[in-house]
Amino acid sequence: MPTVLPQAVKAPAVLSLDDDADLRVTGAGPQARRLLLVEDSEADAELVTDCLTGPGHGPAFTLVHVERLEAAIAHLSLNEVDCVLLDLSLPDSKGLKGVRALRRAAPDVPIVVLTGLDDSAVGETAVRTGAQDFLVKSEFNAVTLRRSLLYAIERHGHQTALRVANATLLEARARFQRAFDSAPIGMALVALDGTFLEVNPALREMLDYPGPQLLSMGIRDLVHPEDRGAFEGAFNQMGRGGPATWRAEHRFMAAGHRPVWALVAAAIVDDVMGRPAHVIVQAEDITARKDAEARLVHQTLHDPLTGLPNRLLFQDRLEHALARLDRRHESVGVFYIDLDEFKVVNDTLGHERGDELLAEVGRRLGAVVRPSDTVGRIGGDEFVVLAEGLSGREEAAEIAGRVLVAVAAPVRLAEADFVPSVSIGVALATERHRTPALLLSEADTAMYRAKDLGKGRFEIFDTQRGRGAPYVASEALVRRAMALDQVTVAYQPIIELATSQVVGLEALMRINDPERGLLRPRDFLGAAEETGLIVPMGHRVLALAVAEAARRLRGGATPSFRVNVNLSARQLCLPDLAADIASVLETHSLPAPNLCLELTESALIEGSPLVTTALNQLKELGVGLGLDDFGTGYSSLTHLRRFPFDFIKIDTTLVAGLLNRNGSAKTVQALIGLAHTLGLTTVAEGIENEAELSLLREFGCQLGQGHLLGWPELRPVLEDGDASLYLG
């Protein structure tokens, strides 16, 4: 059993050490230190007691004395001790054996060893083994003993605290490492220059890169190019003392250039001096959420059947396109496209087949327009196209023509081929103050006009046309003329200038109104075009002209005698135009070469590219083709190359300027020379005097018309081809 020395039962005092290393006893402070003395010598034990409790010194220690190592270990297992004073020579332990045994039994208790003079080397070794200090029995006194014990306790306390701190740090590091490695989101330690220091498995899996490859890269290398600027700015600010944390959504580029959306959270980690050392980055894969958001936005802004932009998105894009107009000096075009007879498809084949047709039309529209154009679906069978950067009506007409052709290809529906068609209304804007609603309304109006004119065609909205009282009166005039058979023809002679012979007639549309008399086109042509009645009126003029030419041939006119008839843009776009003309020729037994068809440049623009097919069919039929009003349009030469014309008619304005000093004479001479080079016949319109006639003959113009040569009349006076009446 351990022996408790008598001093141990006294009231404890605290032994402290001042700067001069002098001892003093005070009654204040913490409780007395608990000392276990392991000493088999009674004399040495008393010496220790005297040193600690001698005169002038209060007891600073509670002493427990045992004589054997075995008893010391037993006491330590049951009691708390602040320090062990160990003799290295015991009955059951010699030398370092006791130190080692005590260290195993109580690793957190400091040990001060007592040695004899001849064991001092062993004492030094004991310190290296784990003891805090050693004292030679013959050399210590109260001061050195107390100092050694207090220092041992204090030093051991520091070591214990450091050991605990290190253990805590290691445990925290281990917990962090476990959390880092097992985290379900990507994590990385990143140096301030952006290179990876450590990456966890989740980040490797997220980016689909092996660990060594990731560690050889920088985090900036993995950021999507479009996000790199914002990412680098925030990352660099953290390293330069900016915000210590940062959170944002960015895209990374995984292996194979696969974009991955991530919610990135970054925090700066300081070193022991409080300076930024590195950054810990967390990256949560949110690609699925972003994809879901994108799908939701797409569903909100797109038609579910065709995948095309819906009305909301289309109007937004149109608004932005109009806002950019001032910076472009170009036109914005809206094409309003409506499927013809779509209700018949739904009613006869079912809505499922109707949906198939709508989806196919949507695909065809997307394939035929320009890559920069927007195709949308804004209603049941209504589609729209937004085209920016248009040069004008001609380019808009070309786009509309391509759409008509693309849609008209057969579609397989319910085991049968169906040939769809659409009606298209086109509205153009050149000023940014136009609103999307207004432009769509104009395109819609033009589309209904196309339907009224026979469907399967397009119309370009004319902002200059009004629908006031004058228009209403003209429309009524046209409708009455058609109903009462008042549409007739006036014929103007076509003269061969070299011989003064009448070689043909031009058929000019007139309305013979019983109240107002013979009306010219300027009185009714606009309303006829607007209502679409120009198509049946033109057909009547064609039939009357062909009949007149056939009568002339039967009456003895030369076999080359011909009649010229004007075709409107609407007639040119009729799908069966060539067949209709062939039928009229057959009805009146007129050979095709005796009929010439004249087209204006505007008709070519509005009907392009469908006109190419129509003109080629007419050419195969054998009729003559001519370009009217030549020399006034900027693209006239282009039309000569594109279309199979036989003759050109030099515009009246150029002929009227022959005698002026404005260069018209040279222009006319050049045009005639060009036409001859291309193998085309030239016809001069509006010849009013002998001087003009003389110059045209000099330039080599072959044919002519004008008041000098003959006025338009309901029935030409010449029956024998002699032009002397007109030429004097």
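Just so it is clear, the model here is predicted, and its values are computed rather than measured.

Cut-off values and rules
- Residues numbered from 1 in each chain as written.
- Predicted model: local features only at pLDDT ≥ 70, side-chain atom pairs only at ≥ 80, totals over all residues.
- Heavy atoms only, no water.
- Helix = DSSP H or I, 4+ residues; strand = E, 2+ residues; numbered from the N terminus.
- Salt bridge = Lys/Arg side-chain N within 4 Å of Asp/Glu carboxyl O.
- Pairing = 2+ DSSP bridges.
- Axes fitted to C-alpha atoms, helices over the stretch in contact; angles between N-to-C directions.
- Contact = heavy atoms within 4.5 Å.
- Polar contact = N/O pair within 3.5 Å; in protein donor to acceptor, adjacent residues only side chain to side chain.
- Parallel < 35°, antiparallel > 145°, perpendicular 65-115°, else oblique.
- Nonpolar A, V, L, I, M, F, W, Y, C, P; charged D, E, K, R; others polar.

Considering unusual backbone geometry
So, step 1. For H257, which is not glycine, the phi dihedral falls at a positive 60°.
So, step 2. On the secondary structure map, H257 appears in the loop between β13 (245–254) and β14 (258–270).
So, step 3. Even without glycine at this site, D485 takes up a positive phi of about 60°.
So, step 4. Along the chain, D485 turns up in the loop between α16 (469–483) and β23 (487–496).

Here we look at the pattern of salt bridges
A side chain of one charge can pair with a side chain of the opposite charge when the charged atoms of the two come close.
So, step 1. In the structure shown here, the tally under the stated rule is 36 salt bridges.
So, step 2. Linked by salt bridges that have partners in common, E39, D44, D87 and K137 make up one network.

Observations regarding the sheet that holds strand β17 (residues 374–377)
Sheets are built from strands paired through backbone hydrogen bonds, the pairs being either parallel or antiparallel.
So, step 1. A sheet is described by the order of its strands in space; here 5 strands give the open sequence β17-β18-β16-β21-β22, paired in mixed fashion. Either end of the sheet is taken by a strand with one partner, and the two such strands are β17 and β22 (458–460). Each adjacent strand pair in this sheet contributes to an overall mean axis angle of 20°, direction not counted.
So, step 2. When β17 meets strand β18 (residues 382–390), the two strands line up antiparallel, connected through 4 bridges. Bridge pairing links G376 to V384 in β18.
So, step 3. Across the sheet, helix α14 (residues 393–407) is in contact with β16 (331–339), β18, β21 (422–429) and β22; its angle to β21 comes to roughly 160°.
So, step 4. Of the strands in this sheet, β16, β18, β21 and β22 touch helix α15 (residues 436–452), which is tilted by about 145° from β21.

Description of the environment of R353
So, step 1. On the secondary structure map, R353 appears in helix α13 (residues 351–368).
So, step 2. Counting along the chain gives 60 residues from R353 to L413, while the straight-line C-alpha distance between them is 6.4 Å.
So, step 3. Setting aside its immediate chain neighbours within four residues, R353 contacts L413 and A414.
So, step 4. A polar side-chain atom of R353 sits 3.0 Å from a polar atom in the side chain of E356.

Structural notes on the packing of helix α1 (residues 42–53) against helix α5 (residues 142–182)
So, step 1. Packing of α1 against α5 leaves a shortest axis separation of 8 Å and a crossing angle of 85°. Here α1 lies roughly perpendicular to α5, going by the angle between them. When α1 is examined against α5, the residues V48, C51, L52 and T53 are found in contact with a partner set consisting of A142, L145, R146 and L149.
So, step 2. Taken together, the residues that form the contact of α1 with α5 break down as 6 nonpolar, 1 polar and 1 charged.

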